[in-house]
Amino acid sequence: MGKYNQVINYVDMKLKSNNNGHDISHALRVERYARRICDEIDVKVNTELCIIASLVHDLIDHKVASDQNIAKSELEQFLLGIGYDKSFVLDVILICDTISYSKGLELSSKEAMVVQDADRLDALGLIGAVRTIAYSTSVNRPLYIPGDISDDTAIGHFHNKLYKLKDLMNYEQSKQIAVKKEKALRQFEKQYINELEGVDD
Ligand code: ADP
Ligand code: NI
């Protein structure tokens, strides 16, 4: 089996027990967005680095790994073991370490900028809405409280974070995708509230 398929199997195995929006399908969508961004931007980037970092980016996230240092060294050993060289592996791990929204860190490379955009795109659109609701429900938060725009509710999270993402995109091409995805999210919110309030019924 090639290295790429071994990475997919490894990510699938590691994310199996996870039900808060970080599953293999998220990893594969981030990879797909990353490939698209690599194709569309004028900047020359290492596409393979973007692809592998996209696939593994959540494995060392605190929401997934109970001990981030152990998860990091396991990932490093795994990637070295299947034949990636040391500097590539360190680049992958650096990308995963720096792309998180909450950390707000300076990005390490053009590739980190691609993966961060790709990850953020999957927080938008109807998939973003569903992931947010899944996460919110998993931590026992309500879906909606009128007027609440904090992380205390799922719809609040749209305002507190998701609607800000399009302006935080690193590449213009990602922003264009984000604009469309945000529209879908806003339509979802509008329709959801209309139905709650019985508008048009
Ligand atoms: P990723 O690691 O993919 O960047 P996060 O770990 O930040 O994403 O979140 C995973 C999913 O859970 C995303 O869809 C995100 O919008 C959602 N999420 C994160 N934090 C919250 C929150 N406080 N309330 C509701 N949803 C959240
Ligand atoms: Ni992610």
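To be clear, the structure that these remarks concern was listed above.
Residues numbered from 1 in each chain as written. Chains lettered and ligands numbered in written order. Predicted model: local features only at pLDDT ≥ 70, side-chain atom pairs only at ≥ 80, totals over all residues. Heavy atoms only, no water.

**Topic: the site of ligand 1**
In plain terms, the rule: Note on definitions. A residue lies near a molecule or strand when any single heavy atom of the residue is within 4 Å of it. Whenever a nitrogen or oxygen atom comes within 3.5 Å of another N or O atom, the pair is scored as a polar contact, on the condition that within protein one atom can donate a hydrogen and the other can accept it, and that pairs from neighbouring residues in sequence are kept only if both atoms are in side chains. Note on areas: these come from Shrake-Rupley sampling with a 1.4 Å probe, and a residue is covered only by the protein chains present in the view. A run of DSSP states H or I qualifies as a helix once it reaches four residues; a run of E qualifies as a strand once it reaches two. Both are numbered from the N-terminal end.
Neighbouring ligand 1 are 15 residues, the closest being His-22, Lys-63, Asp-119, Arg-141 and His-157. At 2.9 Å, a side-chain N or O of His-22 approaches an oxygen atom of ligand 1. One nitrogen or oxygen atom from the side chain of Lys-63 is found 2.9 Å from an oxygen atom belonging to ligand 1. Contact with the protein chains covers 89% of the free accessible surface of ligand 1, which is 540 Å². Among the elements that line the shell around ligand 1, the one with the most residues is helix α7 (residues 125–138), at four residues.

**Let's talk about helix α1 (residues 3–15)**
The test is simple: Helices are assigned an expected span. That span is 1.5 Å times one less than the residue count. Buried residues are those whose accessible area, probed at 1.4 Å on protein chains only, stays under 20% of the maximum for their type, while exposed residues exceed 50% and partly exposed ones sit between those limits. Along the arc lie the directions from the helix axis toward the C-beta atoms.
Taking 1.5 Å of rise per residue, the 13 residues of α1 would be expected to cover 18 Å, and the 18 Å separating its terminal C-alpha atoms lies within 8% of that figure. For α1, the full list of buried residues reads Val-7, Ile-8, Tyr-10, Val-11 and Leu-15. Take α1 and look down its axis: the buried residues cluster within an arc of 165°, on one side only.

**Quick word on the coordination of the nickel ion (ligand 2)**
Inclusion rule: Metal coordination here is assigned from N, O and S atoms located within 2.8 Å of the ion, or within 3.2 Å for Na, K and Ca; omission of water means that sites may look incomplete.
At 2.1 to 2.7 Å from the nickel ion (ligand 2) lie its protein donor atoms, namely His-26 (NE2), His-57 (NE2), Asp-58 (OD) and Asp-119 (OD). Site description for the nickel ion (ligand 2): donor spacing in sequence, H-x30-H-D-x60-D. With His-26 in helix α2 (residues 24–40) and His-57 in the loop between α3 (47–56) and α4 (68–81), the pair connects residues that are 31 residues apart, well separated along the chain. Of the two residues, His-26 and His-57, neither departs from the other in class, the shared state being buried.

**Description of the pattern of salt bridges**
Going by this rule: Criterion for a salt bridge: a side-chain nitrogen of Lys or Arg within 4 Å of a carboxyl oxygen of Asp or Glu.
Under the criterion given, the structure shown has 11 salt bridges. Across the salt bridge formed by Glu-31 and Arg-35, the nearest N and O atoms sit 2.8 Å from each other. A residue pair is termed a helical-turn pair when its members lie 3 or 4 positions apart in one helix, as Glu-31 and Arg-35 do in helix α2 at four residues. The class of Arg-35 is partly exposed, set by a relative accessible area of 36%. A salt bridge links Glu-40 to Arg-36; the shortest N-O distance between them is 3.0 Å. With Glu-40 and Arg-36 both in helix α2 and four residues apart, this pair spans about one turn of that helix. A residue is classified by how much of its surface remains accessible, and Glu-40, at 36% relative accessible area, is partly exposed. Three or more residues are tied together by salt bridges with common partners; here these are Arg-29, Asp-122 and Arg-131.

Don't take any of this as a statement about function, it's just geometry.
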